[in-house]
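Chain by chain, the residues:
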Amino acid sequence: MNIYNLLTAPLPKLEPVISDLKEFELGDFLKSKDFKRYCISKGIEEAWQEKLRFVEESRTYVSTGIDHKSADSIDALVVILNLLYKSNEIAFFNFIYEFLSSYTEWIKEDIDIKEIVIDLNLLLAPVDIIEKIKKLENYNLSPVPKSEIPESTWNAEKLELALNKMDLSIRNKEYNLTLTYSYSCLEGLFKAFVKSKIPEKSNIDKINQLAQIVRDYLKNFVANENMQIPDQMLNLIPTITNVISSARNSFSDSHFDGESEQWLAEFARDCVNSIGRLLIKFID
């Protein structure tokens, strides 16, 4: 067996999980701008290009009717998976999760990961990685919208999916994307809340106005129920919304360079989590 066949053949232990991955539309994904952005976000763009060049230069066949770029990309992925598994199993399992997350975001369809979960369990993958991968099966079922927000009812599971997207964008250092997710999540929550509790105002779509409407409703509810809750707490709803709205529109008076972006993204994510869990308690 020549060096090309040796390196592009899956390790025996990895044959099942790599076979699972090959059932997806990997060729198109690996050629896409989305995958290139993923590589850059993880700092592996040079390693990827190196392995891809090796495959292209070492391939001993040329065949008409074959998309060599797709086939070479898949072989390069196998080379990377082999090397990762032999050198650092934790890095390998993290790579599988993050790769699947990016692929699911790109394909915009739910994927069947049952076989992958079975095969990763055989490899003794960490429980937390398995649980994260399981959630990808419904990743696009109720996504955090990027532009137009469905006004369907939100629940704890949908909020968790939204937070997972924010967490992934933070890990990938895509802080502007985190702010976009935060803004979209709040907008969706407010619209769902107003549709459920104040349907006569469902025509309002500006996020800052929605935040004030939600705040006023909760203030009236608290007063009618004789609940002792400080107004300042409910006033945080429009205040935080204004902050996230401004941040999403590239406003910042911070002077901490790159660090401020991560801090702001994490702050926005945590604020959305707090507001979201509060509102879900009131949404039918």
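Being a predicted model, the structure only gives us computed values, none of them experimental.

## So, the nonpolar core
Phase 1 of the analysis: If you look at the biggest cluster of nonpolar residues, it comprises 42 residues, and the most contacted ones within it are L26, L30, W48, F99, L100, L120 and I133.
Phase 2 of the analysis: Mapped by element, the contributors of at least two residues to this core are α2 (15-22), α3 (26-30), α4 (33-42), α5 (45-58), α6 (68-87), α7 (89-107), α8 (114-122) and α9 (127-135).
Phase 3 of the analysis: When sequence neighbours within four positions are dropped, the list of residues in contact with L120 reads V17, F93, I96, A125, I130 and I133.
Phase 4 of the analysis: The next biggest cluster of nonpolar side chains, apart from the first, holds 37 residues, and it includes I198, A211, V222 and I280.

## Some thoughts on the packing of α8 against α9
Phase 1 of the analysis: Where α8 contacts α9, the two axes come as close as 10 Å, and the packing angle between them is 175°. Looking at the two axes, α8 sits roughly antiparallel to α9. Residue-level inspection shows V117, L120 and N121 of α8 in contact with α9, the latter providing I130, I133 and K134.

## Section: helix α11 (residues 175-197)
An α-helix turns once per 3.6 residues; consequently, residues spaced three or four apart project the same way.
Phase 1 of the analysis: Here α11 is 23 residues long and its end C-alpha atoms lie 33 Å apart, about the 33 Å a rise of 1.5 Å per residue gives.
Phase 2 of the analysis: Counted residue by residue, α11 has 17 buried out of 23 residues, so it is predominantly covered.

## Quick word on the confidence of the model for the protein chain
Phase 1 of the analysis: Per-residue pLDDT for the protein chain has a mean of 81; in total, 84% of the residues score no lower than 70.
Phase 2 of the analysis: Highest mean pLDDT in the protein chain belongs to helix α12 (residues 207-224) (93); lowest belongs to helix α1 (residues 3-8) (55).
Phase 3 of the analysis: Under a pLDDT of 50 for its full length, residues 141-151 has, in the predicted model, 22 contacts with residues more than four places off or in other chains.
Phase 4 of the analysis: Here residues 251-259 is modelled with pLDDT under 50, and outside its nearest four sequence neighbours on either side it reaches two contacts, counting other chains as well.

## A short note on the pattern of salt bridges
Phase 1 of the analysis: Applying the stated criterion across every chain yields a total of nine salt bridges.
Phase 2 of the analysis: We note a salt bridge from E160 to K135, for which the minimum N-O separation is 3.8 Å. Of this pair, E160 sits in helix α10 (residues 156-171) while K135 is found in helix α9, placing the two residues 25 residues apart along the sequence.
Phase 3 of the analysis: The exposure class assigned to E160 is partly exposed, which follows from its relative accessible area of 28%.
Phase 4 of the analysis: The residue E160 makes a salt bridge to R277 at a minimum N-O spacing of 3.3 Å.

## Concerning the packing of α11 against α12
Phase 1 of the analysis: Two numbers describe how α11 lies on α12: the axes approach to 9 Å, and their chain directions differ by 50°. In this view, α11 runs oblique relative to α12, as classed from their interaxial angle. Crossing of α11 over α12 shows left-handed handedness. Contacts between α11 and α12 involve Y183, L186, E187, F190, K191, F193, V194 and K197 on the former and, on the latter, I207, L210, A211, I213, V214, Y217 and L218.
Phase 2 of the analysis: For the contact of α11 with α12, a count of residues per class yields 12 nonpolar, no polar and three charged.

## Looking at unusual backbone geometry
Phase 1 of the analysis: With phi around 65°, L124 is a residue other than glycine that occupies positive phi space.
Phase 2 of the analysis: Even without glycine at this site, N226 takes up a positive phi of about 55°.
Phase 3 of the analysis: Mapped onto the elements, N226 comes out in the loop between α12 and α13 (231-248).

## Re the side chain of T178
Phase 1 of the analysis: Within the fold, T178 resides in helix α11.
Phase 2 of the analysis: There is a polar contact of 2.6 Å between the side chain of T178 and the side chain of S169.
Phase 3 of the analysis: Setting aside residues up to four positions removed in sequence, T178 forms contacts with M166, S169, I170 and A265.

## Examining the environment of I280
Phase 1 of the analysis: Here I280 is to be found in helix α14 (residues 258-280).
Phase 2 of the analysis: On a C-alpha basis, the gap between I280 and N155 in space is 6.0 Å, while along the polypeptide they are 125 residues apart.
Phase 3 of the analysis: Setting aside residues up to four positions removed in sequence, I280 forms contacts with N155, A156, L159 and L189.

Cut-offs and rules
- Residues numbered from 1 in each chain as written.
- Predicted model: local features only at pLDDT ≥ 70, side-chain atom pairs only at ≥ 80, totals over all residues.
- Heavy atoms only, no water.
- Core = buried A, V, L, I, M, F, W, Y, C linked by side-chain atoms within 4.5 Å.
- Buried < 20%, exposed > 50% of the residue type's maximum accessible area, 1.4 Å probe, protein only.
- Helix = DSSP H or I, 4+ residues; strand = E, 2+ residues; numbered from the N terminus.
- Contact = heavy atoms within 4.5 Å.
- Axes fitted to C-alpha atoms, helices over the stretch in contact; angles between N-to-C directions.
- Parallel < 35°, antiparallel > 145°, perpendicular 65-115°, else oblique.
- Expected span 1.5 Å × (residues − 1).
- pLDDT = per-residue confidence, 0-100.
- Salt bridge = Lys/Arg side-chain N within 4 Å of Asp/Glu carboxyl O.
- Left-handed = near helix turned anticlockwise from the far one by under 90°.
- Nonpolar A, V, L, I, M, F, W, Y, C, P; charged D, E, K, R; others polar.
- Polar contact = N/O pair within 3.5 Å; in protein donor to acceptor, adjacent residues only side chain to side chain.

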